[in-house]
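For reference, the chains in residue letters:
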Amino acid sequence: MVKQNNNNHKENSQKDEKEPVTKEKTVTIKEVEYAQLKADSEKAKEYWDRLLRIQADFENTRKRLERERQDYVKFANEGIILKLLNVLDDLERAVELAQTQHQDLPAFLKGVEMILAHLYETLKEHGVKPIEAEGKMFDPNFHEALMQAEDKELPEHTIIEELQKGYLLNERVIRTAKVKVSKK
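All of these numbers come straight from a predicted model, not from anything done at the bench. (Residues numbered from 1 in each chain as written. Predicted model: local features only at pLDDT ≥ 70, side-chain atom pairs only at ≥ 80, totals over all residues. Heavy atoms only, no water.)

Draft legend 1. Inspection of the overall build of the protein chain at higher detail. Counting its secondary structure elements, the protein chain contains four helices and six strands. Along the protein chain, helices and strands appear, N-terminal first, in the series α-α-α-α-β-β-β-β-β-β. Relative to its 184 residues, the protein chain shows a buried fraction of 11%. Partitioning the contacts of the protein chain with sequence separation of at least 6, the portion at a separation of at least 24 is 61%. (Helix = DSSP H or I, 4+ residues; strand = E, 2+ residues; numbered from the N terminus. Buried < 20%, exposed > 50% of the residue type's maximum accessible area, 1.4 Å probe, protein only. Contact = heavy atoms within 4.5 Å.)

The following block contains the structure:
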């Protein structure tokens, strides 16, 4: 008998746990209001579809622009590299000539000077120019003092010697000039 009571108790608790069944209610509205609701529903579906398409187009455009940006960054220096390859070819030819034991040193030097001029011109075309240093006043924005030397003839902080050239890229310092500066 005890077992039956436990089973009955379980059945009752399961019935209590079930959600109450809700009855569908019927709402009566005017036909004009129904037509308006139906039209609004169709518009909402149309707008929703349009929104999804626009979001997809936006996402595709964003991905395409990111790929294009990555390609641009990857190949941005292609033009200057092609010009530098011409300079590299000239230098390789100069080395080959030097290795064949040509004794015409002035002609060899003239060739290297032409290659150097070609390189300077290529850099200039791409906005690179040297920083003027020797004889100028020391400016920490453009110069890096590596040494100081006493010189009573020059004003203090005048650049006596340029140890390594500095360069600007489109008016922005990309490498400071390494210099020797005067002191009293």
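Don't stop here, the text continues.
Draft legend 2. A look at the pattern of salt bridges. This model, assessed by the stated rule, comprises nine salt bridges. Of the charged contacts, one joins Arg64 and Glu68 as a salt bridge, the two residues approaching to 3.1 Å between their closest N and O atoms. Of this pair, Arg64 and Glu68 both sit in helix H2 (residues 31–75), four residues apart, which is roughly one turn of the helix. With relative accessibility at 41%, the residue Glu68 sits in the partly exposed group. A salt bridge links Asp90 to Arg93; the nearest nitrogen and oxygen atoms lie 2.5 Å apart. (Salt bridge = Lys/Arg side-chain N within 4 Å of Asp/Glu carboxyl O.)

Draft legend 3. Local environment of the packing of helix H3 (residues 78–99) against helix H4 (residues 105–125). Close contact between H3 and H4 brings their axes to 10 Å; oriented N to C, the two are set at 170°. Here H3 is positioned roughly antiparallel relative to H4, judged by the angle of their axes. Across the interface between the two elements, Ile80, Lys83, Leu84, Asn86, Val87, Asp90, Leu91, Ala94 and Ala98 of H3 pack against Phe108, Ile115, His118, Leu119, Thr122, Leu123 and Glu125 of H4. Residues of the contact of H3 with H4, tallied by class, amount to ten nonpolar, three polar and three charged. (Axes fitted to C-alpha atoms, helices over the stretch in contact; angles between N-to-C directions. Parallel < 35°, antiparallel > 145°, perpendicular 65-115°, else oblique. Nonpolar A, V, L, I, M, F, W, Y, C, P; charged D, E, K, R; others polar.)

Draft legend 4. Quick peek at the layout of surface pockets. Of the voids in this model, the largest pocket is the one considered here, and its volume is about 240 Å³. Every residue lining the largest pocket is counted, twelve residues in all, and those nearest its centre are Ala94, Leu97, Asp104, Ala107 and Phe108. Listed by contribution, the elements that provide at least two residues to the lining of the largest pocket are H3 and H4. (1 Å grid on protein atoms, 1.4 Å probe; cavity = no way out; pocket = protein on both sides within 12 Å on 5 of 7 lines; lining within 4 Å. Points joined across faces, edges and corners; volume = space filled by probe spheres on them.)

Draft legend 5. Broad picture of the nonpolar core. In terms of nonpolar packing, the biggest core is built from five residues, these being Ala133, Ile159, Ala177, Val179 and Val181. Among the elements that make up this core, the one with the highest residue count is strand E6 (residues 177–183) (three residues). (Core = buried A, V, L, I, M, F, W, Y, C linked by side-chain atoms within 4.5 Å.)

Draft legend 6. Main features of the sheet that holds strand E4 (residues 167–169). As summarised here, the arrangement of the three strands in space is E1-E4-E5, forming an open sheet in which the pairing is antiparallel. In this open sheet, the two edge strands, each paired with only one partner strand, are strand E1 (128–130) and strand E5 (172–175). When the angles between neighbouring strand axes are averaged without regard to direction, this sheet yields 35°. (Pairing = 2+ DSSP bridges.)

Draft legend 7. Molecular detail of the sheet that holds strand E3 (residues 159–164). Spatial strand order, E2-E6-E3: three strands in an open sheet with mixed pairing. The open sheet terminates on both sides in strands that have one partner only, identified here as strand E2 (143–150) and E3. When strand polarity is set aside, the average angle formed by the axes of neighbouring strands in this sheet is 25°. Alignment of E3 against E6, held across four bridges, turns out to be antiparallel. Looking across to E6, one finds that Ile159 is bridged to Val181.

Draft legend 8. A look at a nonpolar patch on the surface. Together, Val27, Ile29, Tyr34 and Leu37 line one region of the surface with nonpolar side chains, adding up to about 420 Å² of accessible area. Residue placement: Leu37 occurs in helix H2. We classify Leu37 as exposed; its relative accessible area is 52%. (Patch = residues over 30% accessible without salt bridge, like charges linked within 9 Å, V, L, I, M, F, W, Y side chains within 5 Å. Areas by Shrake-Rupley, 256 points an atom, 1.4 Å probe, with all protein chains shown as cover.)

Draft legend 9. Molecular detail of the confidence of the model for the protein chain. Per-residue confidence for the protein chain gives a mean pLDDT of 86, with 89% of residues at or over 70. Across the protein chain, the secondary-structure element scoring lowest on mean pLDDT is helix H1 (residues 2–17), at 51, and the one scoring highest is H2, at 95. (pLDDT = per-residue confidence, 0-100.)

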